[in-house]
Amino acid sequence: MSALFSPLALGGLDLPNRIVVSPMCQYSAQDGVANDWHLQHLMQLAFSGAGLVMIEATAVEARGRITHGCLGLYSDAAEAALGRVLQAARAVAAPGTRFGIQLGHAGRKGSVTAPWEGGTPLTGAQADEAPWLCAAPSAQAFAASWPVPEALDEAAIEQLVDRYVDAARRAVRLGFEVIELHCAHGYLLHQFQSPLSNLRTDAWGGDPERRDRLALHIATRLREQVPAHCVLGARITGTDWNPDGLGVEDAVRLTLGLKSRGFGYVCVTSGFVEPNRGIPFGPGFQVHLAAEVRQRTGLVTRAVGGISEPAQADAIIASGQADQVALARPFLADPRWVWRAAETLGEPLYYPPPYRRAAGLRKPAVQANA
Ligand SMILES: Cc1cc2nc3c(=O)[nH]c(=O)nc-3n(C[C@H](O)[C@H](O)[C@H](O)COP(=O)(O)O)c2cc1C
C-alpha cells in the first residue's frame, strides 16, 4: 500500500487516507451565510475521496471576516445554512470521509474586496460594501495605504475569546469532527504571534510566550468546551520569511503549547503577515517546515503548499516529513485529484456508483499513452 493511501488515526478519528482538502475561502457568502455556491463546492469535494475535507476560514464574528463574502459562524442563520451544506455533503461523501471547519478572524486584514476585485481595503463606494473598523493587536496598518486598525484592549480580547468558544460550540452542534484554529496567513492570531505586527508591551505582547498567549488561551478554552471526540488542530506559521519575524523555532514552541493543551495536529504554512515579502513559492516550498515541526514535537503534522503530484504527495508521507498533505488549488482545478492519485499509485478507490464507469480514465497521460 502507498503511504498516501494508508489510514491515519487523528485523535480518536480514523481517516481512510492522508489526503486533506485544504480550507479555501469562497468569498461568496452573505453576512456569513452559506448558499448554493458552498453547497456545490462541498458536495463535489465530499465524494472526492479525500480523507478529510476542511471548510474555509469561517469568521467567529462579523468584523473577523476578510470580505463581505466570507463565511461566518456567529449567527443562527449562518449556523442553519452551514448545517444544510454539511448535511448534503455528508449524504454524498465517500466512505470514511470526515469534515472539519477552520475558525478564523481576519484582524487588520479584514474589510477588503474579494481577491478577484483586488483584495484592497473597502472604500464604501458600493452601497453594499461598507468598510468596517478592523481589530488587531496594535494600531498598525497592514500596509502604508491601508486603514489603521483598532488595538484590542483587555476586555475586547476576553470578548473575542468568547466568540471563538461560541463559534466552536456551533461547529460541534453541526457535527464537525475537526475544528481548526487559523493562526496563520497574517490573520488575527498570527498578528498576535508575530513580532512584526504585535507591538504591545502588556501581557499579550513582548516576548514569544506573551505573543503566543492569545492562541494558547483560545486553545485552552476550546479544549475545555469541545467534546473529546472532536479533534482540535491549528494552522500555524513556519516562517514569516523575514529575519525579524517568526521562524521555525516559534512554530515548534507554539506546537508544543497546543499539544500540551490537547490539540491533535498542526498544519504548517507560512508568510502573509506583511505585504511584499518574497515567498519562494514552488513545489513543496513549505514541506521542510512541517518536517522540522513534526520531528521536534511528535505531533501529527500536515504539510501544505505546492503539493500537486501524487508521487510527490506519497513521498512526503513515506519519508516521514508529514503525516498528512493538504491540497488547495489542485482540488479546484481537478476535484477528481484523488482518483488520479489512486490510479497512479495503483490503489483501489471508492467511486460513487453513478460515476463508476469513469474509473481508470484518470491515469496520467504518460501511462495512458504507453
Ligand atoms: C481560493 C483559495 C482560498 C483559500 N482560503 C484559505 C482559507 O480559508 N484558509 C487557509 O488557511 N488557507 C486558505 N488558502 C490557502 C490554501 O489553503 C493553501 O494553504 C495554499 O493555497 C497552498 O496550497 P496549494 O499550493 O495546494 O494551493 C486559500 C487558497 C486558495 C487558492
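Residues numbered from 1 in each chain as written. Predicted model: local features only at pLDDT ≥ 70, side-chain atom pairs only at ≥ 80, totals over all residues. Heavy atoms only, no water.

### Concerning the overall build of the chain
Thought 1: Across its full length, the chain holds eleven helices and twelve strands.
Thought 2: Taken against the 2.2 N^0.38 rule, which gives 21 Å for 370 residues, the C-alpha radius of gyration of the chain at 20 Å falls within 12% of a compact globule.
Thought 3: The principal-axis extent of the C-alpha atoms belonging to the chain is close to 60 × 45 × 40 Å.
Thought 4: In the chain, of all internal contacts separated by at least 6 residues, the share reaching a separation of at least 24 is 70%.
Thought 5: The average position of the 33 basic charges and that of the 35 acidic charges among the side chains of the chain differ by 5 Å. (Helix = DSSP H or I, 4+ residues; strand = E, 2+ residues; numbered from the N terminus. Rg over C-alpha atoms; globule rule 2.2 N^0.38 Å. Contact = heavy atoms within 4.5 Å. Lys, Arg positive; Asp, Glu negative; His and termini not counted. Charge placed at Lys NZ, Arg CZ, Asp CG, Glu CD.)

### Things to note about the site of the ligand
Thought 1: Taken together, 17 residues sit near the ligand, with Ser22, Cys25, Gln102, Gly306 and Arg329 positioned nearest.
Thought 2: Separating an oxygen atom of the ligand from a backbone N or O atom of Ala57 is a distance of 3.0 Å.
Thought 3: Arg329 is positioned such that a nitrogen or oxygen atom in its side chain is 2.6 Å from an oxygen atom of the ligand.
Thought 4: Here the ligand loses 83% of its free accessible area of 610 Å² to cover by the protein chains. (Near = heavy atom within 4 Å. Polar contact = N/O pair within 3.5 Å; in protein donor to acceptor, adjacent residues only side chain to side chain. Areas by Shrake-Rupley, 256 points an atom, 1.4 Å probe, with all protein chains shown as cover.)

### A closer look at the environment of Gln324
Thought 1: Following the sequence through the fold, Gln324 ends up in strand β12 (residues 324-327).
Thought 2: Judged by its relative accessible area of 0%, Gln324 falls in the buried class.
Thought 3: Among residues more than four places away in sequence, those in contact with Gln324 are Leu8, Leu10, Leu15, Arg18, Val20, Leu52, Val300, Thr301, Arg302, Ala303 and Ile317.
Thought 4: A polar atom in the side chain of Gln324 sits 3.0 Å from the side chain of Arg302. (Buried < 20%, exposed > 50% of the residue type's maximum accessible area, 1.4 Å probe, protein only.)

### Topic: the packing of aromatic side chains
Thought 1: Applying the stated rule across the entire model yields seven aromatic pairs.
Thought 2: Their ring planes at 75° and their centres at 4.9 Å tell us that Trp339 and Tyr351 sit as a pair that is edge-to-face. Of this pair, Trp339 sits in helix α10 (residues 337-345) while Tyr351 is found in the loop between α10 and α11 (365-368), placing the two residues twelve residues apart along the sequence. Considered together, Trp339 and Tyr351 belong to a single accessibility category, that of buried residues.
Thought 3: The lysine or arginine in question, Arg65, covers the ring of Trp132, its NZ or CZ lying 5.3 Å from the ring centre.
Thought 4: Between Arg213 and the ring centre of Trp204, over which it is positioned, the NZ or CZ distance is 3.9 Å. (Phe/Tyr/Trp six-rings, centres within 6.5 Å; stacked < 30°, edge-to-face > 60°. Lys NZ or Arg CZ within 6 Å of the ring centre and 35° of its normal.)

### Side note on α10
Thought 1: With seven of nine residues buried, α10 is to be regarded as a mostly interior element.
Thought 2: Those residues of α10 that sit buried are Trp337, Val338, Trp339, Arg340, Ala341, Ala342 and Glu343.
Thought 3: Elements in contact with the buried residues of α10: β3 (19-21), α8 (310-318), β12 and α9 (329-333).
Thought 4: At the exit of α10 stands Gly346, carrying a positive phi of roughly 70°.

### Here's the deal with unusual backbone geometry
Thought 1: Despite not being glycine, Asp31 has its phi angle at roughly 45°, a positive value.
Thought 2: Along the chain, the position of Asp31 falls in the loop between β3 and α1 (36-46).
Thought 3: When its relative accessible area of 48% is taken as the criterion, Asp31 is described as partly exposed.
Thought 4: Look at His185: it is not a glycine, yet its phi comes out positive at around 55°.
Thought 5: Among the structural elements, His185 can be located in the loop between β8 (178-182) and α4 (188-193).
Thought 6: Judged by relative accessible area, His185 falls into the buried class, the value being 17%.

### Notes on the sheet that holds strand β10 (residues 265-269)
Thought 1: Pairing within the closed barrel is parallel, and its eight strands lie in the order β3-β4-β5-β8-β9-β10-β11-β12. Direction aside, neighbouring strands of the sheet carry axes that sit 25° apart on average.
Thought 2: With three bridges joining them, β3 and β12 adopt parallel strand pairing. Within β12, the residue paired with Val20 across the bridge is Ala326. (Pairing = 2+ DSSP bridges. Axes fitted to C-alpha atoms, helices over the stretch in contact; angles between N-to-C directions.)

### Things to note about the confidence of the model for the chain
Thought 1: Scored by pLDDT, the chain has a mean of 96; 98% of the residues are at 70 or more.
Thought 2: pLDDT under 50 marks residues 365-370. Its contacts with residues more than four places away, or in other chains, come to two contacts. (pLDDT = per-residue confidence, 0-100.)

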